[in-house]
Amino acid sequence: MGFIPRNIGRLAMKGRDPLFVPCTPKGCMELLSRSAITVKGKTAVVVGRSNIVGLPVSLVLLKEDATVTVVHSRTKDPESFVRQADIVIAAAGQPMMLLEYKLPICRSRVAG
């Protein structure tokens, strides 16, 4: 039910609430909340643009007042975006993809 056009449209619109928040994006937000990570005003990068996770989680982050960048397989130098982010959501479906960037260890790591 979370992926019908009407619901995704409502998720994308200001001042509207979706009928349901898709479960994986909702879970991402719950992890951030339980880890006491404030989204508002943060720079968030979503790695992946799928209809199932990437697009919906980017819309949820926008609704929570994050500045959101979506990087994908055609993005030039995605590592530079990831390195500058306060929050990174890996939604690319490729296990261990971010390890190739050799990022410094994060001070607060929510999920691996």
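Report follows, based on the coordinates. (Residues numbered from 1 in each chain as written. Predicted model: local features only at pLDDT ≥ 70, side-chain atom pairs only at ≥ 80, totals over all residues. Heavy atoms only, no water.)

Among the secondary structure elements, S58 is positioned in helix α3 (residues 54-63). For S58, the side chain forms a polar contact with the main-chain oxygen of L55, separated by 2.6 Å. In this view, S58 contacts V46, V68 and V70; residues no more than four positions away in its chain are not counted. (Helix = DSSP H or I, 4+ residues; strand = E, 2+ residues; numbered from the N terminus. Polar contact = N/O pair within 3.5 Å; in protein donor to acceptor, adjacent residues only side chain to side chain. Contact = heavy atoms within 4.5 Å.)

Together, I4, L19 and F20 line one region of the surface with nonpolar side chains, adding up to about 240 Å² of accessible area. Along the chain, the position of I4 falls in the segment before α1 (5-12). Owing to a relative accessible area of 31%, I4 belongs among the partly exposed residues under this scheme. (Patch = residues over 30% accessible without salt bridge, like charges linked within 9 Å, V, L, I, M, F, W, Y side chains within 5 Å. Areas by Shrake-Rupley, 256 points an atom, 1.4 Å probe, with all protein chains shown as cover. Salt bridge = Lys/Arg side-chain N within 4 Å of Asp/Glu carboxyl O. Buried < 20%, exposed > 50% of the residue type's maximum accessible area, 1.4 Å probe, protein only.)

A word on the sheet that holds strand β3 (residues 87-90). A sheet is described by the order of its strands in space; here 3 strands give the open sequence β2-β1-β3, paired in parallel fashion. At either end of the open sheet lies a strand with only one pairing partner, and these are β2 (67-71) and β3. Averaged over all pairs of adjacent strands, the angle between strand axes in this sheet comes to 20 degrees, irrespective of strand direction. Sheet topology places strand β1 (residues 43-47) next to β3; 4 bridges connect them, and they run parallel. When the bridges of β3 are listed, A44 appears paired with I87. In the packing of α3 onto the sheet, the strands contacted are β1, β2 and β3, and the crossing angle to β1 comes to about 170 degrees. (Pairing = 2+ DSSP bridges. Axes fitted to C-alpha atoms, helices over the stretch in contact; angles between N-to-C directions.)

On their own, these measurements won't tell you what the molecule is for.
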